[in-house]
Amino acid sequence: MEPLWGAARPVDQGPPRLRESLPAAPKGCWKGPEADRRVACLAVATAAVLRLRGRRISRRGTHPSTDVAVAQLDAAELRQLGRPPAWLREAEEANLQLANGWEPVSSEVTLRNLRIRGHLPQHVQGGIFLRNGPNQAMSPVSMQDYHIFDGHGMIHAVHFLGDEEGATYARRYVRTQALQFEESEGQCLYTGMKKMLPQFPTFFRLLFEKYFGSSGSTDSPYWVIQNRNPANNGCTVHAGRVLATWEAGWAYELRLPDLETLGLFDYEGTWPDGAVTDNCSAHGKQDPETGQLITISYNMIELPPWLRVITASADGALEKSVKVPLPSGAALLHDFGITQRRVILNVGPLNLVPLKMVSGAPPFDFDFSAKCYFGILSRSSDSADDVIWVEAENCFNFHVLNAYDDPTDPARVIVHTFRQDYTLGLGMGSKLNEETRMSPHGRRLQGDTAVLHRWVIDVSAAKVVESTRLHQPPADPRRSWLSDFGAVNPRYVGRPHRYGWSLGFDSEIQAGSPVPEGSVARFTRVLKHDLETGELLERDFLHSAGACVVGAAESRFACNDLVVVPGGGSEDEASLLLLVHDLVEETAELRVLDAATLNLQCAVEIPTRVPLGFHCSFAAAGSFDLGEA
């Protein structure tokens, strides 16, 4: 049978197109004797954008939608649902960040009555697994300059119904302001992270869309113009809502279980104008006792650069925000830690360089001669004056596993991170002062790879008293030691814990091969870390399916994040949920593993391709209203 395609509004029936309204600007109109033409061009752009003012979150996009029981589709139709869009298949240029599993899909989908292989644990039943990621909706402005941080955000969700009822898989775009604007224009207009140089006269169209087309409710800070907020990175579940976040933009709120985009998250009306100056980290931390959500924002443009620590109540209302000047340059921040009493800020030397932005070069530098810093702020403090900055060795920590106050010494905190010797931001940066590069922990790591690391910080003395690499290259080259994308039992966030889980890089990277330039590292195994004994348990994705796939190559399966769902009373009486992609068969499985043994408990079989992505989370049964669907 034919897929049940939803009615898609043709692009040319949307609001008036700025592209048709704006006169073509001749070469040189922005300088020299033709400079006065700027006023005329700008006036026309202003008038055209004002016609779009008042556009709100739309309920339907221009992409087809399928909602059907999986048994009603044959193999060819299921394969069709996973095909990349025509613009990518026909592209003359190649981009590794739009290949090897990162190819976008061209439609939104709901597949019902999916088979669950194995037995669904009680603590997972009725819940929803959610994962965010880039799904570029149209051909980018420049195929060469596209970066995976640019792609339009798409949430993939698996709703566990029961062993007999099966599960439902759905994917929906986050209906951001930029996606709607570009759909109405019928083309991609934002250049992205690797090319922040203003593109005239398009720059003026984007500027006015930001402040007028959005009805004055912009979704990114005032200094973000040439980039869209795709809401494609984080996926935080808090107070019955899903927050889709992007590093330099404000969070979008989605409804469960139908993934309807409700609009910008304004902290229950208590911070409606925050997006003008702030952004929202991908890694909000929820306190397991108070239910508070703590997140960070940052500004790399103002002098001095700053970050903000934001605390929301258990029901999502703003409690306070503390603006903190950075101790170093305009650093890109991503993750942080909390303890029961403190917030642990994490600043590494991957800095935005405005002059490189102007020249059109990759806008970030990793400085091998600079320090890394940890900032310690009491969670009860309202003042940046209370932050204690602690210098650490040159490195970068994109992801924090967990942090906690030392139970034997209240002046100390223990932080576990996935420490990198350096990063170039997956192609967004260059090396600076590389001649000073060294590693105090033995073998130097390849760029954009990491190993679990323990830091012990004496807060009263403002110094690092221990910096220890927790794993070393194993004698058996088949074993793992490099990993990233960690998780702990959420009941232990900010508390002393014994276990952590992460994803291991593929075998070639474990053995020392670099991440291919322009590509993204591949994760092919799941690891369990015992922080007391140092034991490392691992399962590759060939075997964690429950039975070895005979003759298959390791690179056939990949994953990009995992989440822990608590079960019984002890820390590892839990389940690991991870979306595993079969890059050969072009299908996927949501695997549920026993957190103690890494053995398979069950798997939801998704018989169509799901693109690779970023961070994930879990909404437990009862935390959302089924009546909203």
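These numbers were taken from a predicted model, which means no experiment stands behind them.

Draft legend 1. How the structure looks around the nonpolar core. One finds I148, F149, M300, L307, L332, L333 and F364 to be the most contacted residues of the largest nonpolar core, which totals 58 residues. Sequence-distant contacts of M300, defined by excluding residues within four places in its chain, comprise W223, P305, A330, A331, L332, L352 and F364. Formed by 29 residues, the second largest nonpolar core is a distinct cluster that contains L120, V124, F129 and L577.

Draft legend 2. Main features of the UniProt feature "binding site: Fe cation" (unreviewed entry) in the protein. This chain's UniProt record puts "binding site: Fe cation" (unreviewed entry) on H283, H334, H399 and H615. Of the residues just listed, which span 333 residues, no C-alpha pair is farther apart than 12.1 Å, and they cluster in one region. As for its placement among the helices and strands, H334 is situated in the loop between β14 (318–325) and β15 (337–338). Excluding residues that lie within four positions of it along the chain, H334 makes contacts with N233, E247, S281, A282, H283, F398, H399 and H615. Looking at where H399 falls in the secondary structure, it is placed in strand β21 (residues 396–405). Non-local contacts of H399, meaning those with residues more than four positions away in its chain, are made with H283, H334, D335, T417, F418, D484, F485 and H615. A polar atom in the side chain of H399 sits 3.3 Å from the side chain of H334.

Draft legend 3. Focus on the pairing of strand β2 (residues 108–114). With 5 of 7 residues buried, β2 is to be regarded as a mostly interior element. With 5 bridges connecting them, strand β1 (residues 65–69) and β2 associate as parallel partners. Pairing of T66 across the sheet is with V109, part of β2. Pairing of β2 with strand β6 (residues 166–173) involves 4 bridges; the strand directions are antiparallel. In the sheet register, T110 faces β6, and the bridge partner there is A170.

Draft legend 4. Spotlight on the pattern of salt bridges. Taken as a whole, this structure holds 35 salt bridges when the rule is applied. With a shortest N-O distance of 2.5 Å, E605 and R115 are connected by a salt bridge. Linking E605 in strand β34 (residues 600–606) with R115 in the loop between β2 and β3 (116–118), this pair joins segments that are 490 residues apart in sequence. Its relative accessible area of 23% is what places E605 among the partly exposed residues.

Draft legend 5. The sheet that holds strand β17 (residues 350–352), seen in detail. Ordered by their spatial adjacency, 3 strands build an open sheet running β17-β18-β23, and the pairing between neighbours is mixed. Either end of the sheet is taken by a strand with one partner, and the two such strands are β17 and β23 (429–432). Adjacent strand axes in the sheet meet at a mean angle of 35°, parallel and antiparallel pairs treated alike. Pairing between β17 and strand β18 (residues 364–367): 3 bridges, direction antiparallel. For L350, the partnering residue across the bridge sits in β18 and is F366.

Draft legend 6. Representation of the side chain of S184 within the structure. In this fold, S184 is placed in helix α5 (residues 177–185). Since its relative accessible area comes to 2%, S184 is described here as buried. One polar contact links the side chain of S184 to the main-chain carbonyl oxygen of F181, over a distance of 2.7 Å.

Draft legend 7. Structural context of unusual backbone geometry. The peptide bond linking F200 to P201 adopts the cis configuration, its omega dihedral lying at 0°. Mapped onto the secondary structure, P201 falls in the loop between α5 and α6 (202–213). A cis amide bond, omega 5°, links L256 with the succeeding residue P257. A positive phi angle is found at E268, which is not glycine, with a value near 55°. Residue placement: E268 occurs in the loop between β10 (261–264) and β11 (285–286). Take E268: its relative accessible area is 45%, and that puts it in the partly exposed class. Notably, E586 is not glycine yet its phi reads approximately 60°, a positive angle. If you trace the backbone, E586 turns up in the loop between β32 (574–582) and β33 (587–594).

Reading the values: rules and limits
Counting starts from 1 at the beginning of each chain's written sequence and moves along it residue by residue. Reporting of local features is limited, given that this is a predicted model, to residues whose pLDDT is at least 70; pairs of side-chain atoms are given and counted only at 80 or more, and all residues count toward the totals for whole chains, interfaces and linings. Based on all heavy atoms of the structure, the side-chain values leave hydrogens and waters out of the count. Only buried residues count toward a nonpolar core, which is a set of Ala, Val, Leu, Ile, Met, Phe, Trp, Tyr and Cys residues joined through side-chain atoms within 4.5 Å. Only protein chains enter the accessibility calculation, which uses a 1.4 Å probe; a residue whose area is less than 20% of its type maximum is buried, one above 50% is exposed, and one in between is partly exposed. Should any heavy atoms of two residues lie within 4.5 Å, those residues are considered in contact. UniProt positions are given in the numbering used here, feature names are shortened, and annotations may be inferred rather than shown by experiment. In DSSP terms, a helix is any run of H or I states spanning at least four residues, a strand is any run of E spanning at least two, and both are numbered starting from the N terminus. Any pair of nitrogen or oxygen atoms within 3.5 Å is treated as a polar contact; in protein, a donor-acceptor pairing is required on top of that, and neighbouring residues in sequence qualify only through side-chain atoms on both sides. By the convention used here, strands pair only if DSSP detects at least 2 bridges between them. Any Lys or Arg side-chain nitrogen found within 4 Å of a carboxyl oxygen on Asp or Glu counts as a salt bridge. Helix axes are fitted to C-alpha atoms over the stretch in contact, other axes to C-alpha atoms as well, and angles between N-to-C directions run from 0 to 180 degrees.

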